[in-house]
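Per-entry structural report
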Amino acid sequence: MRIVDIREKTVSIASPIANAYIDFSKMTCSVVAVITDVIRDGKPVIGYGFNSNGRYGQGALMRDRFLARITEADPDTLIDHANNNLDPFAIWKTLMTNEKPGGHGERSVAVGTIDMAVWDAVAKIEGKPLYRLLADRYRNGVADDKVWVYAAGGYYYPGKDQTKLKAEMQSYLDRGYDVVKMKIGAVPLDEDIRRIEAVLEVVGDGRRLAVDANGRFDLQTGIAYAEAIKPYNLFWYEEVGDPLDYALQAELANHYELPMATGENLFSHQDARNLLRHGGMRPDRDYLQFDCALSYGLVEYMRTLKVMEEMGWSSRRVVPHGGHQMSLNIAAGLHLGGNESYPDVFQPFGGFADGIQVENGYVGLPDIPGVGFEAKSALYAVMRELGES
Ligand SMILES: O=C([O-])CC(=O)C(=O)O
Ligand SMILES: [Mg+2]
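Residues numbered from 1 in each chain as written. Chains lettered and ligands numbered in written order. Predicted model: local features only at pLDDT ≥ 70, side-chain atom pairs only at ≥ 80, totals over all residues. Heavy atoms only, no water.

Looking at an unreviewed UniProt entry, one finds the chain named L-alanine-DL-glutamate epimerase, with Pseudomonas kilonensis as its source organism.

**Considerations on the sheet that holds strand S2 (residues 28–40)**
Judged by pairing direction, the sheet is antiparallel, and its three strands sit side by side in the order S1-S2-S3 without closing on themselves. Edge positions in the open sheet fall to strand S1 (3–12) and strand S3 (43–50), since each of these has one partner strand only. Taking each pair of neighbouring strands and ignoring which way they run, the sheet shows an average axis angle of 25 degrees. (Pairing = 2+ DSSP bridges. Helix = DSSP H or I, 4+ residues; strand = E, 2+ residues; numbered from the N terminus. Axes fitted to C-alpha atoms, helices over the stretch in contact; angles between N-to-C directions.)

**Here we look at the nonpolar core**
Across soluble globular proteins, nonpolar side chains show a tendency to be buried alongside one another. Of all hydrophobic cores here, the largest spans 136 residues; its most connected members are Ile196 and Tyr237. If we skip the residues at most four places from it in the chain, tyrosine 237 touches Ile184, Val211, Phe217, Gly222, Tyr225, Ala226, Ile229, Tyr256, Pro259, Met260 and Ala261. (Core = buried A, V, L, I, M, F, W, Y, C linked by side-chain atoms within 4.5 Å. Buried < 20%, exposed > 50% of the residue type's maximum accessible area, 1.4 Å probe, protein only. Contact = heavy atoms within 4.5 Å.)

**Examining unusual backbone geometry**
The omega torsion of the bond from glutamine 347 to proline 348 falls at 5 degrees, within 30 degrees of zero and hence cis. A positive phi angle is found at asparagine 214, which is not glycine, with a value near 50 degrees. Mapping asparagine 214 onto the fold places it in the loop between strand S8 (209–212) and helix H7 (219–229). Given a relative accessible area of 10%, asparagine 214 falls into the buried group. At glutamate 239, a position not held by glycine, the phi torsion is positive, near 40 degrees. In this structure, glutamate 239 sits in the loop between strand S9 (236–238) and helix H8 (246–252).

**Considerations on the UniProt feature "domain: Mandelate racemase/muconate lactonizing enzyme C-terminal" (unreviewed entry) in the chain**
Under the present numbering, the feature "domain: Mandelate racemase/muconate lactonizing enzyme C-terminal" (unreviewed entry) in UniProt falls on residues 162–259. Structurally, residues 162–259 is divided into 47% helix and 11% strand, and its ends, taken at the C-alpha atoms, are 26 Å apart. (UniProt positions renumbered as here; feature names shortened; annotations may be inferred.)

**Quick word on the packing of aromatic side chains**
Two numbers describe a pair of aromatic rings. These are the distance of the centres and the angle of the planes. This structure, assessed with the given rule, holds 18 aromatic pairs. Between tyrosine 48 and tyrosine 380, the aromatic rings sit 6.1 Å apart at their centres with planes inclined by 80 degrees, giving edge-to-face as the arrangement. Linking tyrosine 48 in strand S3 with tyrosine 380 in helix H12 (residues 377–387), this pair joins segments that are 332 residues apart in sequence. Judged by relative accessible area, which is 1%, tyrosine 48 ranks as buried. Centre to centre, the rings of tyrosine 342 and phenylalanine 346 are 4.8 Å apart; their planes meet at 85 degrees, and the pair counts as edge-to-face. Accessibility classification places tyrosine 342 together with phenylalanine 346 in one group, the buried group. A network of ring pairs unites the aromatic residues Trp148, Tyr150, Phe235, Trp236 and Tyr287 as a single cluster. (Phe/Tyr/Trp six-rings, centres within 6.5 Å; stacked < 30°, edge-to-face > 60°.)

**Here we look at the pairing of S8**
Side-chain alternation along S8 places Leu209 and Val211 on one buried face and Ala210 and Asp212 on a second face that is also buried. The handedness of the strand S7 (residues 180–183) to S8 crossover, carried by helix H6 (residues 189–203), is right-handed. Where S8 and S9 come together, three bridges link them in parallel fashion. The residue bridging alanine 210 from the neighbouring strand is tryptophan 236, located in S9. One crossover worth recording links S8 to the parallel S9 by way of H7, and it is right-handed. (Right-handed = clockwise from strand over helix to strand, strands pointing away.)

**Let's talk about the environment of tyrosine 156**
One can find tyrosine 156 in the loop between strand S6 (147–152) and helix H5 (162–174). As a C-alpha pair, tyrosine 156 and alanine 20 span 136 residues in sequence and 8.3 Å in three-dimensional space. Sequence-distant contacts of tyrosine 156, defined by excluding residues within four places in its chain, comprise Pro16, Ile17, Ala18, Asn19, Lys183, Ile184, Gly185, Ala186, Val187, Asp192 and Arg195. Within the structure, tyrosine 156 has its side chain in polar contact with the backbone nitrogen of alanine 186 (distance 3.2 Å). Engagement of the side chain of tyrosine 156 in a polar contact is seen with the side chain of aspartate 192, the distance being 2.8 Å. (Polar contact = N/O pair within 3.5 Å; in protein donor to acceptor, adjacent residues only side chain to side chain.)

Below you can see the structure in the form of structure tokens.
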């Protein structure tokens, strides 16, 4: 059993939307295909992966160094002999050969994307949905059969007024979501408050609305927003300041008792540990949003979950960023608290399997081997073009 080829391509996920920090007018995403010599249903098993939105495609790093480390390795060193499968941990170690610690940059995105494809292949070789494989191997066979998801959107874009914002949020409720998220921080506070109040007219209760500042605020602005939104009792107040400014995050906790969320831009278990050590995050109410596809993949995610456990955090406090099926599998298989969902943006990468409806804020997973990409036809079309050409 061996990996015979790894392919990557960069695809555009450009759109006119913007958050408080970036617009997505030039956003790209890497797609990876790990082609094996294992035959299932008469065809070679191919694992697929892609990187989460917000970081650009990582083809250059993959081509320059990561892919060759796998294709040039002795195939036997990449095998999990006990399970007669590929070994994602050995593959990860090989990918990270001659990489210094720290300064994670965006190599974590390149590795996370390849790692997703490896796990997809592993689950396909084992003939199980990935969440089932994860539960069987790491959670005594107990998987969640549905995952809580919230609808992320509420972006800024040209010509978007409150009527359109409200219609967008109403459409998420109509599609079965219970909690929605909107962007803040790209316009003055009073204007954001009017936007928030408009959305509250649709969702009814602040507990059904999360807001995301995308790391835009300094401490003073973060506190000003905290004071202003407190009366609405929102679901969470996300990524207020710079993702690596743990002191800012810790100080905010002195001004805002309600739930906060952060972590989507922390790309390693060491960075996650620093947040938990120094960021004043509260395990009884706050949320962590680490995204495996940006942060060295599931092999590293397991280390992050271990750090959390050691520091007194339940895995249920993690609701990953990214709205992709990989995190949905991790959520169901490793008992996270839920997952983000992008019902409309970042297509075809956002959203889950075709034909599986969100009901009362929960979504099920398709019962097919792997991550489930084959059950999302628009996404699978992009992947197939790479893997089967
Ligand atoms: O707008 C983005 O970069 C995405 C984001 O923060 C989120 O989904 O929480
Ligand atoms: Mg965010």
